[in-house]
Amino acid sequence: MTSVFRNGGGYKLAIGFAVGSFAGWCVGEEIGSKVCFSRRTNEASTSSSVQRILASWTNNYRPIEWDSNWDKRDPQSLINPKKTKSSVVSSQVVNTDDNNNNNNEKQAEENKKKIKPVRHLLLIRHGQYHLKGEDDSKRFLTELGCQQADFTGLRLLELKLPYKLIIHSTMTRARETANLIHKHLEGVPMTQCSMLEEGAPFPPEPPLSSWKPDHKFYEDGARIEAAFRKYFHRPDQTQLEDSYEVIVCHANVIRYFVCRALQLPPEAWLRMSLRHGSITWISVTSGGRVALRALGDCGYMPADKLSVT
């Protein structure tokens, strides 16, 4: 039984229930923005039995904890337990000079730990291209696509970041986009990677309106996941300053990378949309934390140069 009645300036919710031989009722009273519930039986209710519920729909919610070792590079996981034990035993028999040397080495290591560089990955979607090409060689950039790539290259130049490397997919539209961007970033090394090619990374939810056979996700998904594991990780222990890498690839790949990097369900990748030539910026800290600084940023382009497919 449930009833609601007014009490002064607020409302009360009474819920009656019976379970086995136990019977009682609950009263909820609105207090400010919170709701207080108390359970009453045959005995008088005491203040200690009152529970405050901030949001009733979260009663059974269990947050998914962040996996701090998602890239398998947590410093603690890189230590060989056997070597640690042997080093403890050997340290007990070293002389004073060795102890001094060890102290100096420890101090140097501690100084390195104080430096906490960040890896910045700027993911660029290629420019608009000819969709009706029979094969990849004929799916090259349109005139608008070239203009979009040029705007993106100019934007990257304006950011004045110390870019370490430009990596692009081996597909024609991505390679052309990277070449146009590279004109603005002369001197930055450039390479290509076939793992970054477009594909179907994971069966989306809700499903695609057009059917795809399972083997397509099975084949493409493994390749795109391998690309994620290759490029997404915290800075190596030898890295002493922030790094910036530009990756020119495709919408499906970038959206999947975002889901994986943020530890979101991979099936959610199709719920996002990216415009041609847009910039998605992801940062990975030394502690393994990930921040999405920008998703599909294209505000630097004129409105008449924007497009999406």
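This text follows the structure it describes.
In this text, all values refer to a predicted model and were calculated from it rather than measured experimentally.

Parameters at a glance
- Residues numbered from 1 in each chain as written.
- Predicted model: local features only at pLDDT ≥ 70, side-chain atom pairs only at ≥ 80, totals over all residues.
- Heavy atoms only, no water.
- Helix = DSSP H or I, 4+ residues; strand = E, 2+ residues; numbered from the N terminus.
- Buried < 20%, exposed > 50% of the residue type's maximum accessible area, 1.4 Å probe, protein only.
- Contact = heavy atoms within 4.5 Å.
- Areas by Shrake-Rupley, 256 points an atom, 1.4 Å probe, with all protein chains shown as cover.
- Expected span 1.5 Å × (residues − 1).
- Polar contact = N/O pair within 3.5 Å; in protein donor to acceptor, adjacent residues only side chain to side chain.
- Core = buried A, V, L, I, M, F, W, Y, C linked by side-chain atoms within 4.5 Å.
- Pairing = 2+ DSSP bridges.
- Axes fitted to C-alpha atoms, helices over the stretch in contact; angles between N-to-C directions.
- Phe/Tyr/Trp six-rings, centres within 6.5 Å; stacked < 30°, edge-to-face > 60°.
- Lys NZ or Arg CZ within 6 Å of the ring centre and 35° of its normal.
- Right-handed = clockwise from strand over helix to strand, strands pointing away.

The next point concerns the overall build of the protein. The helix and strand tally for the protein stands at 6 helices and 11 strands. A burial count over the protein gives 36% of its 309 residues as buried. Across the protein, every contact between residues at least 6 apart in sequence was considered, and the portion connecting residues at least 24 apart equals 63%. Carbon and sulfur atoms provide 52% of the accessible area of the protein, an area that totals close to 19200 Å².

Moving on, we come to helix α5 (residues 214–231). Count 3.6 residues to each turn of an α-helix, and residues three or four apart come out pointing the same way. Between its terminal C-alpha atoms α5 stretches 26 Å, which fits the 26 Å expected from 18 residues at 1.5 Å a residue. All of the buried residues along α5 are F217, D220, G221, R223, I224, E225, A227, F228 and Y231. Packed against the buried residues of α5 are β6 (118–125), β7 (163–169), β8 (190–193), β9 (243–249) and α6 (251–261).

Mapped onto the elements, S278 comes out in the loop between α6 and β10 (279–285). S278 gets classed as buried once you look at its relative accessible area, which sits at 2%. There is a polar contact of 2.8 Å between the side chain of S278 and the backbone oxygen of R275. When near neighbours in sequence (up to four residues on either side) are disregarded, S278 contacts L123, I124, R125, G296, D297, C298 and Y300.

Turning our attention to the nonpolar core. Nonpolar side chains in soluble globular proteins generally cluster together in the buried interior. In terms of nonpolar packing, the biggest core is built from 27 residues, with L123, L196, Y231, F232, I247, F257 and I282 touching the most fellow members. Per element, the largest residue contribution to this core is 7 residues, and it comes from α6. Discounting residues that sit within four places of it in the chain, I282 has contacts with R119, H120, L121, L123, F232, V258, A261, V290, A291 and L292. In terms of nonpolar packing, the next biggest core, distinct from the first, is built from 19 residues, L122, I181, I279 and Y300 among them.

Taking strand neighbours across the sheet as the criterion, the 6 strands line up as β8-β7-β9-β6-β10-β11 in an open arrangement whose pairing is mixed. Every interior strand has two partners, whereas the edge strands, β8 and β11 (290–297), have only one. Within the sheet, the average angular offset between the axes of one strand and its neighbour, ignoring direction, is 20°. Pairing analysis gives 5 bridges linking β10 to β11, with the strands arranged antiparallel.

Mapped onto the fold, H276 is located in the loop between α6 and β10. Given the relative accessible area of 1%, H276 is considered buried. Engagement of the side chain of H276 in a polar contact is seen with the side chain of S307, the distance being 2.7 Å. Filtering out sequence-adjacent residues up to four positions away, H276 remains in contact with R125, H126, G127, Q128, Q148, M301, S307, V308 and T309.

What follows concerns the packing of aromatic side chains. Counted according to the given criterion, the structure contains 5 aromatic pairs. Their ring planes at 75° and their centres at 6.4 Å tell us that Y244 and W281 sit as a pair that is edge-to-face. One end of the pair, Y244, is in strand β9; the other, W281, is in strand β10, with 37 residues separating them in the sequence. Across the pair, W281 and Y244 agree in class, each one buried. An aromatic cluster is present here, built from W70, F228, F232 and F257 joined pairwise through their rings. Against the face of Y129 rests R173, its NZ or CZ located 4.1 Å from the ring centre.

The subject of this paragraph is helix α4 (residues 172–182). The set of residues buried in α4 consists of T172, R173, A174, T177, A178, L180 and I181. Packing partners of the buried residues in α4 comprise β6, α3 (143–159), β7, β8 and β9.

Looking now at the pairing of β8. Both β7 and β8 contribute to a ladder of 4 bridges, which runs parallel. If you follow S169 over to β8, its bridge partner there is C193. Handedness of the β-α-β unit built from β7, α4 and β8 comes out right-handed.

Spatial relationships are all this shows, so hold off on functional conclusions.
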